[in-house]
Amino acid sequence: MPAPAPATAFAMPDAAELGREALDRLDRLAAISEQADGLTRRFGTPEHARALDLIEGWMQQAGMATRRDAAANLIGRYEAEEPGARAVLMGSHQDTVRDAGRFDGMLGIVLPILAVEALHRAGRRLPVAVEVIAFCDEEGVRFRTTLLGSKAVTGALGPAELGARDPDGRTVAEVLRDFGGDPDALAAAARRPDEIAAYIETHIEQGPVLEAAGLPVGIVTAIVGGNRLQVTFEGEAGHAGTVPMGRRRDALAAAAEAVLETEALATAAGDGAVATVGRIEAEPGAINVIPGLARFTVDLRLPDDDARRAAAADLERRIEAIAARRGCRVTIERLYESDGASCAPWLMDALGVAIAGEGVEVRRLPSGAGHDAMAMAAISDIAMLFVRCKAGISHNPSESASVEDMGVAGRVLLRLLDDFAMPEPDA
């Protein structure tokens, strides 16, 4: 358990004012987009560079020294009372999905910066340093490989990720080098566990639990693990009017059956299992031609890692059986796999004290979505603070969190930092 916390040493900022400033900064970040009619910001783009410049200015305004590591992660450090002390790392990702909302990821950068800015304005230094990280790429939209930034920080970014290609055929390593990073110096981006006091990520819930409970914030207990696959069926293209139904090797029909099999597997698995086919395409794509090729993606998540691995293997067997029965070839590419990550009890307890300090009921809940904290768990104790979002909507332009809730979350982070205490060695 954490040591008893001292009384707060400075006047806490007004929650509404904190929330309004957070919203203004989120709006300014959301205006930096690859598309004029929505928000899309991928790794290694000019928009990525502009977003980092804006965030870096806020970090410096908050009294942080800033740097960019070999993986193009932006890091701001607010030094401790004694320079060189261990750091509480806080952060999230600045990249987005296509046609995104403005809160996912970015809230976890903006609110910690505002918390540090409040400390800086009060002249308050802590026994620990505070570092805020804007990770280069979490969503994996450009290269279909996720958690690039946080994997670099943990030393887990390897040749498979660096060799991944975008739709234009460019590799992660090539884009990173052109962006000012250094794929040959990634070892220098890896952090040692003894440098880190904790990793804490703030994020909208991306679900409806907190809204249903009438609570502005909650504490994450664990992050669910997941598998991502790309499945490609190869059949035989043919004339839509002349090939009898019994003689067809229709790749899209095989894919359609596999999609329904994916849904059936997750439904039968229960216990929080979910499976999503988020993208499907067929070639040659003509109205009067039997598809000779079909390709789709699968995102499979289960709370229990052993059950998830078994389900993924079962799904691959079912897909292969469909291909054999329909006379198609099938290739299953394993794009990504990540085990779940549990949050540290002592950090959850500390967050609970900070939330209770705001007069809010303490609620704990799991996260079905993946986060940079999953990677960071390899080198640090982790915790996550969830913020209520409207109707549980995320990865959508309608994504929304209220000024009031963001203000509460910002004050929770301030309380946590100002009263931060590591657990006793025998805890």
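In this report, we go over the structure that sits alongside the text. (Residues numbered from 1 in each chain as written. Predicted model: local features only at pLDDT ≥ 70, side-chain atom pairs only at ≥ 80, totals over all residues. Heavy atoms only, no water.)

### Focus on the overall build of the protein
- A tally of regular secondary structure across the protein gives 12 helices and 16 strands.
- Expressed as lengths along the three principal axes of its C-alpha atoms, the size of the protein is roughly 80 × 45 × 40 Å.
- Looking at the protein as a whole, 55% of its 427 residues qualify as buried.
- Considering only contacts in the protein between residues 6 or more positions apart, those separated by 24 or more positions represent 78%.
- For the protein, the exposed surface amounts to about 17600 Å²; the carbon and sulfur share of it is 50%.
- Averaging the locations of the 44 positively and 65 negatively charged side chains of the protein gives two centres separated by 4 Å. (Helix = DSSP H or I, 4+ residues; strand = E, 2+ residues; numbered from the N terminus. Buried < 20%, exposed > 50% of the residue type's maximum accessible area, 1.4 Å probe, protein only. Contact = heavy atoms within 4.5 Å. Areas by Shrake-Rupley, 256 points an atom, 1.4 Å probe, with all protein chains shown as cover. Lys, Arg positive; Asp, Glu negative; His and termini not counted. Charge placed at Lys NZ, Arg CZ, Asp CG, Glu CD.)

### Regarding empty space enclosed by the protein
- For the structure on display, the rule yields one cavity of 30 Å³ or more.
- By volume, the largest cavity is sized at about 30 Å³.
- Surrounding the largest cavity, His 93, Asp 95, Thr 96, Val 97, Ala 100, Gly 101, Asp 104, Met 106 and Glu 139 form its lining.
- Along the lines of polarity and charge, the residues of the lining of the largest cavity split into three nonpolar, three polar and three charged. (1 Å grid on protein atoms, 1.4 Å probe; cavity = no way out; pocket = protein on both sides within 12 Å on 5 of 7 lines; lining within 4 Å. Points joined across faces, edges and corners; volume = space filled by probe spheres on them. Nonpolar A, V, L, I, M, F, W, Y, C, P; charged D, E, K, R; others polar.)

### Topic: the layout of surface pockets
- Roughly 1400 Å³ of internal volume is contained in the largest pocket.
- Residue lining of the largest pocket: 44 residues in total, with Glu 139, Arg 228, Asp 299, Arg 301 and His 395 positioned closest to the centre.
- Sorting the residues of the lining of the largest pocket by element identifies β7 (225–234), β9 (274–276), β12 (293–302) and β13 (329–338) as the ones contributing at least two each.
- Of the residues belonging to the lining of the largest pocket, the class tally is 16 nonpolar, 16 polar and 12 charged.

### Looking at the pattern of salt bridges
- Evaluated as defined, the whole model comprises 37 salt bridges.
- Between Asp 178 and Arg 170 there is a salt bridge, and its shortest N-O distance comes to 2.3 Å.
- Overall, the relative accessible area of 57% leaves Asp 178 in the exposed class.
- According to the relative accessible area criterion, Arg 170 is partly exposed, its value standing at 29%.
- The partner of Asp 299 in a salt bridge is Arg 228, with the nearest N and O atoms 3.3 Å apart. With Asp 299 in strand β12 and Arg 228 in strand β7, the pair connects residues that are 71 residues apart, well separated along the chain. (Salt bridge = Lys/Arg side-chain N within 4 Å of Asp/Glu carboxyl O.)

### Here we look at the packing of helix α1 (residues 15–30) against helix α2 (residues 46–61)
- Running from N to C, α1 and α2 cross one another at 155°; their axes reach a closest spacing of 9 Å. As judged from the angle between their axes, α1 and α2 are roughly antiparallel. Where α1 crosses over α2, the handedness of that crossing is right-handed. Seen from α1, the contacting residues are Arg 25, Arg 28 and Leu 29; seen from α2, they are Ala 51, Leu 54, Ile 55, Trp 58 and Gln 61. (Axes fitted to C-alpha atoms, helices over the stretch in contact; angles between N-to-C directions. Parallel < 35°, antiparallel > 145°, perpendicular 65-115°, else oblique. Left-handed = near helix turned anticlockwise from the far one by under 90°.)

### Here's the deal with the side chain of Thr 145
- Note that Thr 145 resides in the loop between β4 (129–135) and α4 (148–154).
- Given the relative accessible area of 7%, Thr 145 is considered buried.

### Overview of the nonpolar core
- Counting residues in each nonpolar core, the largest one holds 113 residues, and the members touching the most others are Ile 55 and Ile 113.
- For this core, the element with the highest residue contribution is helix α3 (residues 107–121), accounting for 10 residues.
- Each residue touching Ile 113, except ones within four places of it in the same chain, is listed here: Arg 25, Ile 55, Trp 58, Met 59, Ala 62, Met 64 and Val 132. (Core = buried A, V, L, I, M, F, W, Y, C linked by side-chain atoms within 4.5 Å.)

### What to know about unusual backbone geometry
- Here Glu 283 and Pro 284 are connected by a cis peptide whose omega angle stands at 10°.
- Although it is not a glycine, Asp 99 sits at a positive phi angle of roughly 55°.
- Looking at the element boundaries, Asp 99 is found in the loop between β3 (87–93) and α3.
- The class for Asp 99 is partly exposed, based on a relative accessible area of 34%.
- Positioned with a positive phi, Leu 147 is a non-glycine residue whose angle comes to about 60°.
- One can find Leu 147 in the loop between β4 and α4.

### Remarks on the packing of aromatic side chains
- The tally for this structure, following the rule as stated, stands at five aromatic pairs.
- Ring centres 6.3 Å apart and planes at 55° place the aromatic pair Phe 135 and Tyr 199 in the tilted group. Pair noted here: Phe 135 is in strand β4 and Tyr 199 is in strand β5 (residues 196–204), with a separation of 64 residues, a long-range link.
- On the basis of relative accessibility, which here comes to 0%, the residue Phe 135 falls in the buried class.
- Three or more aromatic residues link up through ring pairs in this structure, and these residues are Phe 43, Phe 143 and Phe 179.
- In this structure, Arg 125 is placed above the aromatic ring of Tyr 78, and the distance from its NZ or CZ to the ring centre is 4.0 Å.
- Over the aromatic face of Tyr 336 sits the side chain of Arg 228, whose NZ or CZ is 5.5 Å from the ring centroid. (Phe/Tyr/Trp six-rings, centres within 6.5 Å; stacked < 30°, edge-to-face > 60°. Lys NZ or Arg CZ within 6 Å of the ring centre and 35° of its normal.)

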